[in-house]
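For reference, the chains in residue letters:
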Amino acid sequence: MTVTLADRIAHTIRNDVQSMHAYAVQPSAGLIKLDAMENPFELPPELQRELGARLARVPINRYPGARIDELRGALAVFAELPAGCSLMLGNGSDELIDLLSVACTKPQATILAPLPGFVLYELSARLRGLRFVGVPLRADFELDEAAMLAAIERERPALTYLAYPNNPTANLWDDAVIARIVDAVGRQQGLVVIDEAYQPFSSRTWMQRMAAHEHVLVMRTLSKFGLAGVRLGYLCGREALVQEIDKVRPPYNVSSLNAEAALFALEHAYEFGRQAALLRDERARLQSAFAAMPGVTTFPSEANMILVRVPDAQRAFDGLKARGVLVKHIAPLHPLLAGCLRITVGTPQENDTLLDALRASL
Ligand SMILES: *Cc1c(COP(=O)(O)O)cnc(C)c1O
């Protein structure tokens, strides 16, 4: 009796995993890549050379050591971490989201987030055996306060995620509504994670406000800052709380090469800040150009991406791609996103190409 590999898979792999699809990364070779909120600027050549020399000296025969603590210290200064708070590192925020799930897996534990939102909150909750409850945003992509408060009352979530600003809608939600949600979660003994992945492009942050709320964590990443390839996220909050979550972190989760590259980038934060400022200007230029296109609706953005609604999203997506520009066709993600594309802000030249291609693709 022979056992096939298909039999083995059916016997060993979780049923829900067998029926799920792998996270799809769109092929992008030869295209202008405006689909993944990456910083379009490479390091200037002299900084590339300096970084190369730094990385060459990293003792890669050793497990990551004291440099990791130096990076935590540098991030605390960079982020202006409030007194009494501490931060832990993740291999990207993606890993932090998963570690939060692991740390909070108690029977019946629930994770709550507005939808449409960042897909990994739900994916990680499901893979770790937690319940996920999504609460639809309003049609204008603001929080539905009544629905959120009712869900918090009903579900008593262990974790409530608020992306600030939100992906894929790019907006910052009303602060008074957020404050009432934070209070409601606090009364239910839950935690709130404010996900500030887009902090370099946002006009507001929760970092200092966090200090007044022992149940609020602020999560950030260097990905949208300009180091998506480096994979470095950090989670900030009250020391005693962060210490508990840090217990489930694999001891060497951040590589010494990643840490050295991140330290190097923080030493040159001025250069990355300059890039972010340029992208914010380009965002404003794109917003007005989109708004002038007949049939196109553009939504407010505090991130390095813009959500637009077009008459026919599939046609526009295909037309853009045929003209060499890759964006994200986001409409299939949620009914509220009908007709929507999510467009990452690129270099001025890339954005010019995008605008011409979009006009020709509507
Ligand atoms: C991109 C993104 C992240 C993940 O960032 P990584 O650090 O690259 O894993 C987390 N949250 C939101 C809302 C994002 O858009």
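Residues numbered from 1 in each chain as written. Predicted model: local features only at pLDDT ≥ 70, side-chain atom pairs only at ≥ 80, totals over all residues. Heavy atoms only, no water.

A. Geometry of the environment of Ala 265. Note that Ala 265 resides in helix α11 (residues 256-267). Each C-alpha atom of the pair Ala 265 and Gln 189 lies 38 Å from the other, and the pair is 76 residues apart in sequence. Ala 265 has contacts with Phe 225, Leu 227 and Phe 272, leaving out every residue within four places of it along the chain. (Helix = DSSP H or I, 4+ residues; strand = E, 2+ residues; numbered from the N terminus. Contact = heavy atoms within 4.5 Å.)

B. Layout of the site of the ligand. In the vicinity of the ligand, 13 residues are found, and the nearest of them are Asp 195, Tyr 198, Thr 221, Ser 223 and Lys 224. Arg 231 is positioned with one of its side-chain polar atoms (N or O) 2.7 Å from an oxygen atom of the ligand. Bound to the protein, the ligand loses 93% of the 380 Å² it would expose on its own. For the shell around the ligand, the secondary structure elements donating two or more residues are α5 (93-104) and α9 (223-227). (Near = heavy atom within 4 Å. Polar contact = N/O pair within 3.5 Å; in protein donor to acceptor, adjacent residues only side chain to side chain. Areas by Shrake-Rupley, 256 points an atom, 1.4 Å probe, with all protein chains shown as cover.)

C. Structural context of a nonpolar patch on the surface. A cluster of nonpolar residues, Leu 5, Ile 9, Ile 13, Val 17, Met 20 and Leu 127, forms a patch on the protein surface that exposes about 460 Å² of accessible area. Along the chain, Met 20 turns up in the loop between α2 (15-18) and β1 (32-33). Look at Met 20 and you get partly exposed, because its relative accessible area is 34%. (Patch = residues over 30% accessible without salt bridge, like charges linked within 9 Å, V, L, I, M, F, W, Y side chains within 5 Å. Salt bridge = Lys/Arg side-chain N within 4 Å of Asp/Glu carboxyl O. Buried < 20%, exposed > 50% of the residue type's maximum accessible area, 1.4 Å probe, protein only.)

D. Expanded view of the pairing of strand β2 (residues 85-90). Most of β2 is tucked away: six of the six residues are buried. Across six bridges, β2 lies against strand β8 (residues 233-238) in antiparallel orientation. Looking at the pairing, Met 88 lines up with Leu 235 of β8. (Pairing = 2+ DSSP bridges.)

E. Structural context of the sheet that holds strand β10 (residues 305-309). Here we have four strands laid out as an open sheet, ordered β9-β10-β13-β12, and antiparallel in their pairing. Where the open sheet ends on each side, the last strands, each with one partner, are β9 (297-298) and β12 (328-329). Bridge count between β12 and strand β13 (residues 340-344): two bridges; the pairing is antiparallel. Pairing of Lys 328 across the sheet is with Arg 342, part of β13. Those strands touched by helix α13 (residues 313-322) are β12 and β13, and its axis lies near 35° from that of β13. (Axes fitted to C-alpha atoms, helices over the stretch in contact; angles between N-to-C directions.)

F. Main features of the domain arrangement of the protein. Along its sequence, the protein is organised into domain 1 (5-45 + 270-361) and domain 2 (63-267). Taken over C-alpha atoms, the centre of domain 1 sits 23 Å from the centre of domain 2. Counting from both sides, the interface comprises 29 residues of domain 1 and, opposite them, 32 residues of domain 2. Summing both partners gives a buried area of about 2400 Å² for domain 1 against domain 2, and 70% of it is carried by carbon and sulfur. On the domain 1 side of the contact with domain 2, Phe 272, Glu 302 and Leu 336 bury the most area, a combined 28% of that side's loss. At the junction of domain 1 with domain 2, the criterion picks out zero salt bridges. Across the domain 1-domain 2 interface, the total number found is eight residue pairs in polar contact (both at pLDDT 80 or more). Of all the secondary-structure elements, those providing two or more residues to the side of domain 1 that touches domain 2 are α2, α12 (269-291) and β10. Top element by residues in the side of domain 1 that touches domain 2 is α12. It accounts for five residues. Across the side of domain 1 that touches domain 2, the residue classes break down as 17 nonpolar, four polar and eight charged. (Domains from an automatic or database assignment. Buried area = accessible area lost by both parts, 1.4 Å probe. Nonpolar A, V, L, I, M, F, W, Y, C, P; charged D, E, K, R; others polar.)

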